[in-house]
Amino acid sequence: MFFTAITLALVIGFVNLNTIKNKIDFKIPQGKYELKHNVMSSEDIRAGIYFCSYKIIKQSVLYGIGIGDVNDNLNKCYESEIDSDVYQIFHYNSHNQYLQIILASGLLGLLFFLYNLLILLKLSIRNKDNLFFALNMFLIICFFTENILSRHDGVIFYSFFTAIFYFNKEV
């Protein structure tokens, strides 16, 4: 069933390839937000976020720049590299958990994080726990679009539910 859904999604994606290509045409925002907010899309804003994230990653790929310095460096990059005030009006983080980890602790931190995710995924498959597998897949996908573990409520959610499933033992 899972593989059928993935295959169907890929087929629909290839059929609608032109629509997808048009959605991926990102531009880095320019100008004052108050004047251009109708034409400035959230994809454009994310393009600026990803532009600055990759620029900062180049500074220290292996070890990162440290957890406390990520948002400060992103804000400096937004101010100096992007000709728009949208990033000063609204304070944006990297909006991607994987990017956040690379920024904070480099590729080594990302490898440890991915190893943790892989362990939980393998455990859910080994125990044939479909609900735990679904939770892991949901989190893995959500990590691409949001920094869930950068907020207390995200850490509590992740820790609480993974602990419940990890230590779940049927009698």
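Residues numbered from 1 in each chain as written. Predicted model: local features only at pLDDT ≥ 70, side-chain atom pairs only at ≥ 80, totals over all residues. Heavy atoms only, no water.

1. Quick word on the overall build of the protein
In plain terms, the rule: Each helix is a run of H or I in the DSSP string that is no shorter than four residues. Each strand is a run of E no shorter than two, and both are numbered from the N terminus. The rule is simple: take the accessible area with a 1.4 Å probe, protein chains only, and divide by the maximum for that residue type; under 20% is buried, over 50% is exposed, in between is partly exposed. Here a residue-residue contact requires only that any non-hydrogen atoms of the pair lie within 4.5 Å. Using a 1.4 Å probe, accessible areas were evaluated by the Shrake-Rupley method; residue-level cover was limited to the displayed protein chains.
Scanning the protein from terminus to terminus reveals nine helices and zero strands. Relative to its 171 residues, the protein shows a buried fraction of 34%. Looking at the protein alone, contacts between residues at least 24 apart form 61% of all its contacts between residues at least 6 apart. Of the roughly 11700 Å² of accessible surface on the protein, 65% is carried by carbon and sulfur atoms.

2. A word on the pattern of salt bridges
For clarity, the cut-off: Just to be clear on terms, a salt bridge is a Lys or Arg side-chain nitrogen sitting within 4 Å of an Asp or Glu carboxyl oxygen.
This model, assessed by the stated rule, comprises two salt bridges. E81 serves as the salt-bridge partner of K55, at 3.9 Å between the closest nitrogen and oxygen. Residue K55 is located in helix α4 (residues 42-57), and its partner E81 is located in helix α5 (residues 70-81); the two are separated by 26 residues in the primary sequence. Of the residues examined, K55 reaches a relative accessible area of 36% and is grouped as partly exposed. The exposure class assigned to E81 is partly exposed, which follows from its relative accessible area of 39%. Residue D153 is joined to R151 by a salt bridge in which the shortest nitrogen-to-oxygen separation is 3.3 Å.

3. What about the packing of α4 against α5?
Formally: Note on geometry: axes are C-alpha line fits, over the in-contact stretch for helices, and angles between N-to-C directions span 0 to 180 degrees. By the definition adopted for this analysis, an angle is roughly parallel if under 35 degrees, roughly antiparallel if over 145, roughly perpendicular if from 65 to 115, and oblique otherwise. The crossing is said to be left-handed when, going from far helix to near helix, the turn is anticlockwise and less than a right angle, and right-handed when the turn is clockwise. Residues are grouped as follows: Ala, Val, Leu, Ile, Met, Phe, Trp, Tyr, Cys and Pro are nonpolar; Asp, Glu, Lys and Arg are charged; every other residue, Gly included, is polar.
At a closest axis distance of 9 Å, the pairing of α4 and α5 adopts a crossing angle of 115°. One element, α4, and the other, α5, form an angle in the roughly perpendicular class. You can see that α4 and α5 cross each other, and the crossing is right-handed. Between α4, through G48, I49, F51, C52, S53, K55 and I56, and α5, the contact on the second element is made entirely by N73, L74, C77, Y78 and E81. Here the residues of the contact of α4 with α5 sort into seven nonpolar, three polar and two charged.

4. Examining α5
What sets the pattern is the α-helix's 3.6 residues per turn: residues three or four places apart point alike. Definition in use: One less than the number of residues in a helix, times 1.5 Å, gives the span that helix is expected to have. The arc under discussion is defined with respect to the helix axis, by the directions toward the C-beta atoms.
Look at α5: 16 Å from first C-alpha to last across 12 residues, which is about the 16 Å you get at 1.5 Å a residue. Turning to α5, its buried residues are V70, L74, C77 and Y78. One side of α5 holds all its buried residues, which, seen down the axis, span an arc of 100°. Across α5 from its buried face, at more than 90 degrees, point the exposed residues K76, E79 and S80. In this structure, the buried side of α5 is in contact with α4, α6 (86-89) and α7 (97-126).

5. A word on the nonpolar core
Formally: Each nonpolar core is a collection of buried residues, namely Ala, Val, Leu, Ile, Met, Phe, Trp, Tyr and Cys, held together in the definition by side-chain atoms within 4.5 Å.
The biggest cluster of nonpolar side chains holds 34 residues, and the ones touching the most others in it are L74, Y78, Y87, Y92, Y98, L117 and F143. Sorting the residues of this core by element identifies α4, α5, α6, α7, α8 (130-142) and α9 (152-166) as the ones contributing at least two each. When residues of this core are assigned to their parent elements, the largest contribution, 12 residues, is made by α7. Excluding residues within four positions of it along the chain, F143 makes contact with N96, Q97, Y98, F113, L117, I148, L149 and Y158.

6. Things to note about the state of the cysteines
To be explicit about the condition: Our working definition of a disulfide is a cysteine sulfur pair at a distance within 2.5 Å.
Applying the stated rule across the entire model yields one disulfide. In this model, C52 is linked to C77 through a disulfide, with the two sulfur atoms separated by 2.2 Å. Residues C52 and C77 are joined through a disulfide that is left-handed, its torsion about the S-S bond being -85°. With a gap of 25 residues between them, C52 in helix α4 and C77 in helix α5 connect regions that are remote in the sequence. Judged on exposure class, the residue C52 and its partner C77 are both buried.

Remember that the coordinates give geometry; whether it matters functionally is a separate question.
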